[in-house]
Amino acid sequence: MFRIYSKQLCKAVMFLHDHSIVHRDVTLNNLVLDHRGNLRLIDYNLCRSVTDAMGMRFSDLGASMYAAPEIYKDKLCSYPVDWWSVGVCLYRFTTGGYPYPTTTRRVYSYYVIKSHKVIYPREFFDKQPLRSLTENLLVKKSSRRLGTNSEEAIKRHAYFSNVDWDAADNVQEEILSIGVDELLWFKDAFRNMIPILDELMKGASTSEDMQRWSFVENIVNEKTSYGTRQLNIRKSMLDASV
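Here the structure is a predicted model, which means the values were calculated and not measured.

**Here we look at the overall build of the protein**
Reasoning step 1: Of the regular secondary structure elements, the protein holds seven helices and eight strands.
Reasoning step 2: Residue burial in the protein is summarised as follows: out of 242 residues, 32% are buried.
Reasoning step 3: Considering only intrachain contacts with a sequence separation of at least 6, the fraction spanning at least 24 residues in the protein is 61%.
Reasoning step 4: Carbon and sulfur atoms form 52% of the exposed surface of the protein, whose accessible area is close to 16000 Å².

Given below as structure tokens:
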């Protein structure tokens, strides 16, 4: 499963780059699963086209924990910043933590990255190709980072040696085939939990019932120091077939 999701994340970034777009905010918070279990990259708020006049100059935007070191140096940046973020995502996929000590003070982020050496615990990076892929994506010098000179190099990496990049992924079968041993990381409290449908889900007995749905909550009154104002809380149509 990890290899499939790694492939899908890389393909999403490659698709944007093929259209001269840099995402600039590739984080776990911007990765979701569709109704078939496939990984999707969302939130294009900070995207920038490199064909623009200032398309290769970036402001200090996005989550600092995923930002490439060159972003802090006020230099021209482009596609490599996304591959750095992909490397951070893969590290988080594997360990649950960040490759560098996190700080909420962005002014220190560059110095933390510059001085810190990434540790790859053996219990997580027990396979050399996975470690090699992550290490090459987290190269601090952008010109030497994997994917900078040729994104085909990512496809040819040993970690993806048995991956068909053109084939569709059957994630549902992979999920159903997960063995008990692969669930050992989940706490018993969650594994034994009985799912309870909330008010929204009641009556949705089959997947077809959830193919298209929408709802609008009632107007909520919020009391503030300036008085009571009405907030219209709306959720747009979710099209599960997309």
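This is not the end of the story, as more comes after the structure.
**Quick word on the packing of aromatic side chains**
Reasoning step 1: All chains considered together, the criterion is met by nine aromatic pairs.
Reasoning step 2: Note on tyrosine 120 and phenylalanine 125: the rings are 5.0 Å apart at their centroids and 85 degrees apart in plane angle, and the pair reads as edge-to-face.
Reasoning step 3: Seen from their ring centres, phenylalanine 160 and tryptophan 165 are 5.0 Å apart, and the 70 degrees between their planes marks the pair as edge-to-face.
Reasoning step 4: By relative accessible area, which is 9% here, tryptophan 165 ends up buried.
Reasoning step 5: Here the aromatic residues Phe2, Phe93, Tyr159, Phe160 and Trp165 are joined through ring pairs into a cluster of three or more.
Reasoning step 6: Residue placement shows arginine 3 over the ring face of tyrosine 159; its charged tip is 4.3 Å from the ring centre.
Reasoning step 7: The side chain of arginine 92 reaches across the aromatic face of tyrosine 98, ending 4.2 Å from its centre.

**Regarding the packing of helix H2 (residues 80-95) against helix H4 (residues 128-137)**
Reasoning step 1: In contact at an axis separation of 8 Å, H2 and H4 are set at 145 degrees when each is read in the N-to-C sense. The two elements H2 and H4 meet at a crossing, and its hand is left-handed. In this structure, H2 contributes Trp83, Trp84, Val86, Gly87, Leu90, Tyr91 and Thr94 to the contact, and H4 contributes Leu130, Leu133, Thr134 and Leu137.
Reasoning step 2: A class-by-class count of the residues in the contact of H2 with H4 yields eight nonpolar, three polar and no charged.

**A closer look at the pattern of salt bridges**
Reasoning step 1: A full pass over the atoms with the stated rule returns four salt bridges.
Reasoning step 2: We note a salt bridge from arginine 145 to glutamate 70, for which the minimum N-O separation is 2.9 Å. With arginine 145 in the loop between H4 and helix H5 (152-155) and glutamate 70 in the loop between strand E4 (48-49) and H2, this residue pair connects regions lying 75 residues apart in the sequence. Glutamate 70 shares its class with arginine 145; the two are buried.
Reasoning step 3: Put simply, glutamate 152 and lysine 155 hold a salt bridge, and the shortest N to O gap is 3.6 Å. Highlighted residues: glutamate 152 and lysine 155, both in helix H5, separated by three residues, approximately one helical turn.
Reasoning step 4: In this structure glutamate 152 comes out as partly exposed when scored by relative accessible area, which is 42%.
Reasoning step 5: Residue class for lysine 155 comes out partly exposed when judged on its relative accessible area of 27%.

**A few points about the side chain of threonine 94**
Reasoning step 1: Its place among the elements puts threonine 94 in helix H2.
Reasoning step 2: Relative accessible area serves as the criterion here: at 14%, threonine 94 is assigned to the buried category.
Reasoning step 3: Polar contacts involving the side chain of threonine 94 include one to the main-chain carbonyl oxygen of leucine 90, which spans 2.8 Å.

**Here we look at the confidence of the model for the protein**
Reasoning step 1: For the protein, per-residue confidence averages 76 on the pLDDT scale, and 67% of positions sit at 70 or higher.
Reasoning step 2: Residue range residues 213-242 is modelled with pLDDT below 50. Its contacts to residues more than four positions away, or to other chains, number 35 contacts.

**Here we look at the environment of cysteine 10**
Reasoning step 1: If you trace the backbone, cysteine 10 turns up in helix H1 (residues 2-18).
Reasoning step 2: For the pair formed by cysteine 10 and leucine 41, sequence separation is 31 residues and the distance between their alpha carbons is 9.9 Å.
Reasoning step 3: Those residues in contact with cysteine 10 that sit more than four places away from it in its chain are Trp83, Val86, Ile154, Phe160 and Trp165.

**Things to note about the environment of leucine 28**
Reasoning step 1: Topologically, leucine 28 is positioned in the loop between strand E1 (21-22) and strand E2 (31-33).
Reasoning step 2: Judged by its relative accessible area of 24%, leucine 28 is partly exposed.
Reasoning step 3: The sequence separation of leucine 28 and arginine 92 amounts to 64 residues, and the corresponding C-alpha distance is 8.3 Å.
Reasoning step 4: Setting aside chain neighbours within four positions, we find leucine 28 in contact with Tyr66, Cys89, Arg92 and Phe93.

**Brief notes about the nonpolar core**
Reasoning step 1: Core analysis: the largest hydrophobic core is formed by 44 residues, its most contacted members being Leu9, Cys10, Trp83, Val86, Leu137, Ile154 and Phe160.
Reasoning step 2: Elements represented by at least two residues in this core include exactly H1, strand E3 (39-41), H2, helix H3 (106-115) and H4.
Reasoning step 3: Looking at this core element by element, the count peaks at eight residues for H2.
Reasoning step 4: When residues no more than four places from it in sequence are discounted, the contact partners of leucine 137 are Trp83, Trp84, Val86, Gly87, Leu90, Arg145, Leu146 and Ile154.

Analysis parameters
Here, residues in each chain are numbered from 1, in the same order as that chain's written sequence. Given that the model is predicted, a residue must reach a pLDDT of at least 70 before its local features are reported, and side-chain atom pairs must reach 80 or more before they are shown or counted; all residues, however, enter totals for whole chains, interfaces and linings. Each side-chain value is derived from all of the structure's non-hydrogen atoms; neither hydrogens nor water enter the calculation. Numbering goes from the N terminus for both helices and strands, where a helix is a DSSP run of H or I of at least four residues and a strand is a run of E of at least two. For every residue, the accessible area obtained with a 1.4 Å probe (protein chains only) is divided by the maximum for its type, and the residue is called buried under 20%, exposed over 50%, and partly exposed between those limits. Any two residues whose heavy atoms approach within 4.5 Å at even a single point are treated as in contact. Only the protein chains shown count as cover for residues, and all accessible areas are computed by the Shrake-Rupley method using a 1.4 Å probe. Two aromatic rings from Phe, Tyr or Trp, using only the six-membered ring of Trp, form a pair when their centres are within 6.5 Å; if the ring planes differ by under 30 degrees the pair is stacked, by over 60 it is edge-to-face, and anything between is tilted. For a ring to carry a charge above it, either NZ of a lysine or CZ of an arginine must fall within 6 Å of the ring centroid while also lying within 35 degrees of the normal to the ring plane. Every angle, taken between N-to-C directions, lies between 0 and 180 degrees, and every axis is a line fitted to C-alpha atoms, over only the stretch in contact when it is a helix. Left-handed is the label given to a crossing in which the near helix is rotated counterclockwise from the far helix by less than a right angle, and right-handed is the label when the rotation is clockwise. Ten residues, namely Ala, Val, Leu, Ile, Met, Phe, Trp, Tyr, Cys and Pro, are considered nonpolar, four, namely Asp, Glu, Lys and Arg, are considered charged, and the remaining ones, Gly among them, are considered polar. Any carboxyl oxygen of Asp or Glu that lies within 4 Å of a side-chain nitrogen of Lys or Arg is treated as forming a salt bridge with it. N or O atoms closer than or at 3.5 Å make up a polar contact, with two conditions inside protein: a donor-capable atom paired with an acceptor-capable one, and, for residues adjacent in sequence, both atoms drawn from side chains. Scored between 0 and 100, pLDDT is the confidence that the predictor attaches to each residue. Only buried Ala, Val, Leu, Ile, Met, Phe, Trp, Tyr and Cys residues count toward a nonpolar core, and they belong to the same one when joined by side-chain atoms within 4.5 Å.

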